[in-house]
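Below, each chain spelled out in residue letters.
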Amino acid sequence: MNTIAERLQSAYHQITQECTKLGSNPANVQLIAVSKTKPLAAIEAAYQQGQRHFAENYPQEFADKASQLNYPDLIWHFIGPLQSNKTKLIAEHASWFHSLDRLKIAKRLSGQRSDTQPPLQVLLQVNISGEATKAGIQPEDLMSLAEEVHQLARLQLRGLMAIPAPSDQQPVEHSFQRMQQLSQELQQAYPAATELSMGMSNDWPSALRYGATMIRLGTAIFGERTYERNE
Ligand SMILES: *Cc1c(COP(=O)(O)O)cnc(C)c1O
(Lines give C-alpha, C1' and ligand atoms only; values in the text may rest on other atoms or scores of the structure.)
Protein backbone atom coordinates (compact mmCIF):
# COMPACT_ATOMS: atom_id res chain seq x y z
CA MET A 1 0.00 0.00 0.00
CA ASN A 2 1.29 3.44 -0.92
CA THR A 3 1.88 6.23 1.53
CA ILE A 4 0.29 9.67 1.32
CA ALA A 5 3.67 11.05 0.26
CA GLU A 6 3.91 8.57 -2.62
CA ARG A 7 0.33 9.15 -3.76
CA LEU A 8 0.79 12.89 -3.67
CA GLN A 9 4.04 12.83 -5.65
CA SER A 10 2.41 10.53 -8.16
CA ALA A 11 -0.57 12.90 -8.49
CA TYR A 12 1.72 15.92 -9.07
CA HIS A 13 3.57 13.91 -11.70
CA GLN A 14 0.39 12.78 -13.48
CA ILE A 15 -1.02 16.31 -13.47
CA THR A 16 2.16 17.61 -15.09
CA GLN A 17 1.95 14.84 -17.70
CA GLU A 18 -1.70 15.54 -18.52
CA CYS A 19 -1.01 19.27 -18.82
CA THR A 20 1.93 18.61 -21.12
CA LYS A 21 -0.34 16.49 -23.34
CA LEU A 22 -2.88 19.31 -23.43
CA GLY A 23 -0.28 22.00 -23.99
CA SER A 24 -1.41 23.79 -20.83
CA ASN A 25 0.63 25.08 -17.91
CA PRO A 26 0.55 22.84 -14.80
CA ALA A 27 1.10 25.94 -12.69
CA ASN A 28 -2.47 26.95 -13.59
CA VAL A 29 -3.93 23.81 -12.04
CA GLN A 30 -4.39 23.66 -8.30
CA LEU A 31 -4.54 20.24 -6.68
CA ILE A 32 -6.82 20.48 -3.67
CA ALA A 33 -6.37 17.62 -1.22
CA VAL A 34 -9.79 16.59 0.14
CA SER A 35 -9.13 15.45 3.69
CA LYS A 36 -12.71 14.85 4.94
CA THR A 37 -12.95 11.98 7.46
CA LYS A 38 -9.13 11.77 7.59
CA PRO A 39 -7.09 12.51 10.73
CA LEU A 40 -4.88 15.54 11.29
CA ALA A 41 -1.82 13.32 10.83
CA ALA A 42 -2.86 12.66 7.23
CA ILE A 43 -3.10 16.39 6.52
CA GLU A 44 0.28 16.94 8.16
CA ALA A 45 1.84 14.19 6.05
CA ALA A 46 0.60 15.89 2.87
CA TYR A 47 1.71 19.30 4.15
CA GLN A 48 5.23 17.94 4.69
CA GLN A 49 5.30 17.07 0.97
CA GLY A 50 4.59 20.69 0.08
CA GLN A 51 0.81 20.41 -0.34
CA ARG A 52 -0.86 23.66 0.78
CA HIS A 53 -4.48 23.55 -0.42
CA PHE A 54 -6.84 21.34 1.59
CA ALA A 55 -10.61 20.90 1.48
CA GLU A 56 -13.23 19.68 3.89
CA ASN A 57 -16.93 18.88 3.55
CA TYR A 58 -18.50 18.96 6.98
CA PRO A 59 -18.62 22.34 8.79
CA GLN A 60 -17.82 21.18 12.31
CA GLU A 61 -15.10 18.73 11.29
CA PHE A 62 -13.65 21.50 9.12
CA ALA A 63 -13.64 24.08 11.93
CA ASP A 64 -12.10 21.61 14.37
CA LYS A 65 -9.28 20.73 12.00
CA ALA A 66 -8.67 24.32 10.97
CA SER A 67 -8.36 25.46 14.60
CA GLN A 68 -6.02 22.61 15.47
CA LEU A 69 -3.57 22.98 12.60
CA ASN A 70 -1.53 26.12 12.87
CA TYR A 71 0.30 26.41 9.59
CA PRO A 72 -0.08 30.03 8.47
CA ASP A 73 0.37 29.14 4.80
CA LEU A 74 -2.12 26.26 4.75
CA ILE A 75 -5.08 27.27 2.57
CA TRP A 76 -8.48 25.92 3.53
CA HIS A 77 -11.30 25.30 1.07
CA PHE A 78 -14.81 24.36 2.14
CA ILE A 79 -16.54 22.28 -0.52
CA GLY A 80 -19.57 20.73 1.18
CA PRO A 81 -23.22 21.60 1.65
CA LEU A 82 -23.74 24.48 4.09
CA GLN A 83 -26.76 25.25 6.27
CA SER A 84 -27.27 28.82 7.42
CA ASN A 85 -26.67 27.96 11.10
CA LYS A 86 -23.11 26.85 10.22
CA THR A 87 -21.98 29.77 8.04
CA LYS A 88 -19.93 31.38 10.82
CA LEU A 89 -17.56 28.41 10.93
CA ILE A 90 -16.84 28.87 7.25
CA ALA A 91 -16.59 32.67 7.41
CA GLU A 92 -14.04 32.32 10.20
CA HIS A 93 -11.80 29.55 8.91
CA ALA A 94 -12.02 29.22 5.12
CA SER A 95 -10.12 31.04 2.39
CA TRP A 96 -12.28 29.51 -0.33
CA PHE A 97 -15.91 28.36 -0.42
CA HIS A 98 -16.81 26.24 -3.46
CA SER A 99 -20.43 25.34 -2.89
CA LEU A 100 -22.31 28.63 -2.83
CA ASP A 101 -25.76 28.23 -4.35
CA ARG A 102 -28.05 30.55 -2.36
CA LEU A 103 -28.13 34.29 -1.75
CA LYS A 104 -29.16 33.81 1.87
CA ILE A 105 -25.94 31.89 2.60
CA ALA A 106 -23.89 34.44 0.66
CA LYS A 107 -25.30 37.34 2.70
CA ARG A 108 -24.61 35.59 5.98
CA LEU A 109 -21.04 34.74 4.97
CA SER A 110 -20.36 38.29 3.90
CA GLY A 111 -21.81 39.66 7.14
CA GLN A 112 -19.76 37.25 9.26
CA ARG A 113 -16.45 37.63 7.44
CA SER A 114 -14.15 39.75 9.59
CA ASP A 115 -12.51 42.90 8.23
CA THR A 116 -9.15 41.61 9.41
CA GLN A 117 -9.34 38.76 6.89
CA PRO A 118 -9.20 38.99 3.10
CA PRO A 119 -12.62 38.63 1.43
CA LEU A 120 -13.87 35.05 1.25
CA GLN A 121 -13.15 33.68 -2.24
CA VAL A 122 -16.32 32.06 -3.53
CA LEU A 123 -17.32 29.77 -6.36
CA LEU A 124 -20.91 29.26 -7.40
CA GLN A 125 -21.92 25.60 -7.51
CA VAL A 126 -23.86 24.68 -10.63
CA ASN A 127 -26.19 21.71 -10.75
CA ILE A 128 -24.96 20.54 -14.12
CA SER A 129 -26.28 16.97 -14.14
CA GLY A 130 -29.91 17.75 -13.36
CA GLU A 131 -31.43 14.98 -11.29
CA ALA A 132 -28.22 13.46 -9.93
CA THR A 133 -27.84 15.91 -7.04
CA LYS A 134 -29.95 18.52 -5.32
CA ALA A 135 -27.03 20.87 -4.64
CA GLY A 136 -26.18 23.76 -6.92
CA ILE A 137 -28.07 26.34 -8.91
CA GLN A 138 -29.58 25.69 -12.31
CA PRO A 139 -27.44 27.06 -15.17
CA GLU A 140 -30.19 29.53 -16.14
CA ASP A 141 -30.04 31.11 -12.66
CA LEU A 142 -26.29 31.54 -12.67
CA MET A 143 -25.96 35.11 -13.90
CA SER A 144 -28.55 36.55 -11.54
CA LEU A 145 -26.95 34.93 -8.48
CA ALA A 146 -23.52 36.07 -9.71
CA GLU A 147 -24.80 39.66 -9.92
CA GLU A 148 -26.06 39.55 -6.34
CA VAL A 149 -22.97 37.88 -4.92
CA HIS A 150 -20.78 40.40 -6.73
CA GLN A 151 -22.44 43.18 -4.68
CA LEU A 152 -21.46 41.67 -1.33
CA ALA A 153 -18.55 43.48 0.29
CA ARG A 154 -16.79 40.61 2.04
CA LEU A 155 -17.10 38.00 -0.72
CA GLN A 156 -15.14 37.85 -3.93
CA LEU A 157 -16.68 35.97 -6.83
CA ARG A 158 -13.93 33.79 -8.28
CA GLY A 159 -15.63 31.20 -10.48
CA LEU A 160 -17.67 28.02 -10.67
CA MET A 161 -17.77 24.56 -9.19
CA ALA A 162 -19.59 21.37 -10.18
CA ILE A 163 -19.83 17.73 -9.21
CA PRO A 164 -21.06 16.16 -12.44
CA ALA A 165 -22.39 12.63 -12.25
CA PRO A 166 -22.39 10.36 -15.29
CA SER A 167 -25.85 9.16 -16.31
CA ASP A 168 -27.32 7.00 -19.06
CA GLN A 169 -28.38 10.12 -20.94
CA GLN A 170 -25.21 12.07 -20.50
CA PRO A 171 -21.51 11.21 -20.15
CA VAL A 172 -19.60 13.29 -17.64
CA GLU A 173 -17.60 14.97 -20.44
CA HIS A 174 -20.75 16.65 -21.63
CA SER A 175 -21.20 18.27 -18.22
CA PHE A 176 -17.56 19.34 -18.07
CA GLN A 177 -17.93 20.95 -21.46
CA ARG A 178 -21.06 22.86 -20.44
CA MET A 179 -19.26 24.05 -17.32
CA GLN A 180 -16.42 25.34 -19.46
CA GLN A 181 -18.90 27.34 -21.54
CA LEU A 182 -20.63 28.75 -18.46
CA SER A 183 -17.26 29.65 -16.98
CA GLN A 184 -16.33 31.61 -20.09
CA GLU A 185 -19.65 33.48 -20.01
CA LEU A 186 -19.19 34.31 -16.35
CA GLN A 187 -15.65 35.57 -16.91
CA GLN A 188 -16.84 37.96 -19.57
CA ALA A 189 -19.01 39.69 -17.00
CA TYR A 190 -16.65 39.18 -14.02
CA PRO A 191 -13.00 39.00 -15.08
CA ALA A 192 -11.85 37.87 -11.63
CA ALA A 193 -14.03 34.74 -11.88
CA THR A 194 -11.28 32.69 -13.49
CA GLU A 195 -11.55 29.50 -11.47
CA LEU A 196 -13.30 26.30 -12.48
CA SER A 197 -13.40 23.67 -9.74
CA MET A 198 -14.25 20.28 -11.20
CA GLY A 199 -12.74 16.81 -11.36
CA MET A 200 -12.28 14.28 -8.56
CA SER A 201 -10.10 11.17 -8.16
CA ASN A 202 -11.88 9.16 -10.85
CA ASP A 203 -12.45 11.81 -13.53
CA TRP A 204 -9.92 14.63 -13.12
CA PRO A 205 -7.96 14.08 -16.38
CA SER A 206 -11.17 14.62 -18.29
CA ALA A 207 -11.99 17.74 -16.23
CA LEU A 208 -8.57 19.17 -17.14
CA ARG A 209 -9.39 18.78 -20.83
CA TYR A 210 -12.35 21.11 -20.28
CA GLY A 211 -10.44 23.80 -18.48
CA ALA A 212 -10.59 22.83 -14.80
CA THR A 213 -8.28 25.04 -12.74
CA MET A 214 -8.93 23.31 -9.41
CA ILE A 215 -9.21 19.56 -9.05
CA ARG A 216 -10.42 18.08 -5.79
CA LEU A 217 -8.72 14.80 -4.96
CA GLY A 218 -9.57 12.76 -1.86
CA THR A 219 -9.17 9.03 -2.43
CA ALA A 220 -6.25 9.46 -4.83
CA ILE A 221 -4.24 11.19 -2.09
CA PHE A 222 -5.48 9.81 1.22
CA GLY A 223 -6.82 6.38 0.19
CA GLU A 224 -10.34 5.06 0.59
CA ARG A 225 -12.50 6.71 3.22
CA THR A 226 -13.63 4.19 5.82
CA TYR A 227 -16.66 6.15 6.89
CA GLU A 228 -18.81 9.02 5.71
CA ARG A 229 -20.09 11.43 8.28
CA ASN A 230 -23.51 12.88 8.23
CA GLU A 231 -24.14 16.28 9.73
C1 LIG B 1 -15.31 13.91 -1.28
C2 LIG B 1 -15.30 14.97 -2.33
C3 LIG B 1 -14.26 15.03 -3.26
C4 LIG B 1 -13.14 14.01 -3.35
O5 LIG B 1 -13.64 12.80 -3.84
P6 LIG B 1 -12.66 11.61 -4.29
O7 LIG B 1 -13.48 10.81 -5.23
O8 LIG B 1 -12.32 10.86 -3.04
O9 LIG B 1 -11.47 12.22 -4.94
C10 LIG B 1 -14.29 16.08 -4.18
N11 LIG B 1 -15.26 17.01 -4.17
C12 LIG B 1 -16.28 16.96 -3.30
C13 LIG B 1 -17.32 18.02 -3.36
C14 LIG B 1 -16.33 15.94 -2.36
O15 LIG B 1 -17.37 15.91 -1.51
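What counts, and at which threshold
- Residues numbered from 1 in each chain as written.
- Predicted model: local features only at pLDDT ≥ 70, side-chain atom pairs only at ≥ 80, totals over all residues.
- Heavy atoms only, no water.
- Helix = DSSP H or I, 4+ residues; strand = E, 2+ residues; numbered from the N terminus.
- Rg over C-alpha atoms; globule rule 2.2 N^0.38 Å.
- Contact = heavy atoms within 4.5 Å.
- Areas by Shrake-Rupley, 256 points an atom, 1.4 Å probe, with all protein chains shown as cover.
- Lys, Arg positive; Asp, Glu negative; His and termini not counted.
- Charge placed at Lys NZ, Arg CZ, Asp CG, Glu CD.
- Salt bridge = Lys/Arg side-chain N within 4 Å of Asp/Glu carboxyl O.
- Near = heavy atom within 4 Å.
- Nonpolar A, V, L, I, M, F, W, Y, C, P; charged D, E, K, R; others polar.

Enquirer: Whenever I open this one, the overall build of the protein confuses me. Can you help?
Expert: Helices and strands together make up the secondary structure of the protein, namely nine helices and eight strands. Relative to the 2.2 N^0.38 estimate, which gives 17 Å for 231 residues, the radius of gyration of the protein is 17 Å and therefore close to what a compact globule would have. With the principal axes as the frame, the protein shows a C-alpha extent of 45 × 40 × 30 Å. Summarising the internal contacts of the protein: among those between residues at least 6 apart in sequence, 58% fall at separations of at least 24. Surface summary for the protein: the accessible area is close to 11,100 Å², and the carbon and sulfur share equals 48%. Looking at charge distribution, the protein has the averaged site of its 21 positive side-chain charges lying 4 Å from that of its 23 negative ones.

Enquirer: Would you explain the pattern of salt bridges in this entry?
Expert: Counting across every chain of the model gives eight salt bridges. Between R158 and E195 there is a salt bridge whose closest N-O contact spans 3.6 Å. Here E195 lies in strand β7 (residues 195-197) and R158 lies in strand β6 (residues 155-161), a separation of 37 residues in the sequence. What emerges from the salt-bridge pattern is a single network uniting E56, E61 and K65.

Enquirer: I tried to follow the site of the ligand on my own but got confused; where do I start?
Expert: Around the ligand sit V34, K36, N57, I79, I163, M200, S201, R216, L217, G218, T219 and R225, and those are all the residues in its vicinity. Burial of the ligand by the protein amounts to 91% of the accessible area it has alone, namely 390 Å². Of the residues that constitute the shell around the ligand, the class distribution is five nonpolar, four polar and three charged.

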